[in-house]
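# Overview (structure and organization)
Spelled out, the chains give:
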Amino acid sequence: MKNYFIHTIELMKPIDTERFKAIKSKAGFYPVDWCFVNHYKNTEFCKKGLTIELRKCSKNEIMAHKKPYLLILIINPSKVMHNSDPLNHIFDRDVFDCAVEQTFDMIDELVDTYGLFEIDEYTLSIT
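Residues numbered from 1 in each chain as written. Predicted model: local features only at pLDDT ≥ 70, side-chain atom pairs only at ≥ 80, totals over all residues. Heavy atoms only, no water.

Let us now look at the sheet that holds strand S4 (residues 50-56). Taken together, the six strands give an open sheet; going across it, the order is S2-S3-S4-S5-S1-S6, and neighbouring strands pair in antiparallel fashion. The open sheet has two edge strands, strand S2 (30-31) and strand S6 (123-124), and neither has a second partner. With four bridges connecting them, strand S3 (residues 39-42) and S4 associate as antiparallel partners. Its bridge partner being in S4, His 39 is matched across the sheet by Arg 55. Across the face of the sheet, helix H1 (residues 17-26) comes into contact with strand S1 (9-15), S3, S4 and strand S5 (69-75) while running at roughly 125° to S1. (Pairing = 2+ DSSP bridges. Helix = DSSP H or I, 4+ residues; strand = E, 2+ residues; numbered from the N terminus. Contact = heavy atoms within 4.5 Å. Axes fitted to C-alpha atoms, helices over the stretch in contact; angles between N-to-C directions.)

Here it is as structure tokens:
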């Protein structure tokens, strides 16, 4: 039996310009210089396994989503479970389920603080 390791899970939510400005103003986002224009990142919760990004959509993404911006949550389940220890990996299904539940709880706490959306409003990103 082989063990497979999930490094990160990426969830995305298309948002409009007003929501983009509101979220960007509430949280400590900094511009990502090496990348797109209007691409911002919040690493405040990175040690807990959550990175939040805001970025402008490409022309194809705007046509697909009908919104000009994306809110992206990048989740590292191992950091959620093992308190930022990069050497520990999740190889057990029950531990992975627990990490996902803890991540959902962390996101629920951020809904009111930063104006993020409920977890079930996001789409699993396939990139």
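Considering all chains together, one arrives at two aromatic pairs under this definition. Between Phe 20 and Tyr 40, the aromatic rings sit 6.0 Å apart at their centres with planes inclined by 55°, giving tilted as the arrangement. Separated by 20 residues along the polypeptide, Phe 20 in helix H1 and Tyr 40 in strand S3 bring together distant segments of the chain. The same class applies to Phe 20 as to Tyr 40, namely buried. Relative accessible area serves as the criterion here: at 4%, Phe 20 is assigned to the buried category. Aromatic rings pair up to connect Phe 20, Tyr 40 and Tyr 69 into one cluster. (Phe/Tyr/Trp six-rings, centres within 6.5 Å; stacked < 30°, edge-to-face > 60°. Buried < 20%, exposed > 50% of the residue type's maximum accessible area, 1.4 Å probe, protein only.)

As a further point, take the nonpolar core. Within the largest apolar cluster, 25 residues are counted, with the highest numbers of intra-cluster contacts made by Ile 15, Leu 50, Ile 52, Leu 54, Leu 71, Leu 116 and Tyr 122. Put simply, the parts of the chain that give this core at least two residues each are S1, H1, S4, S5 and helix H4 (93-114). Counting residues in hydrophobic clusters, the runner-up holds five residues, among them Met 12, Leu 70, Ile 72 and Ile 74. (Core = buried A, V, L, I, M, F, W, Y, C linked by side-chain atoms within 4.5 Å.)

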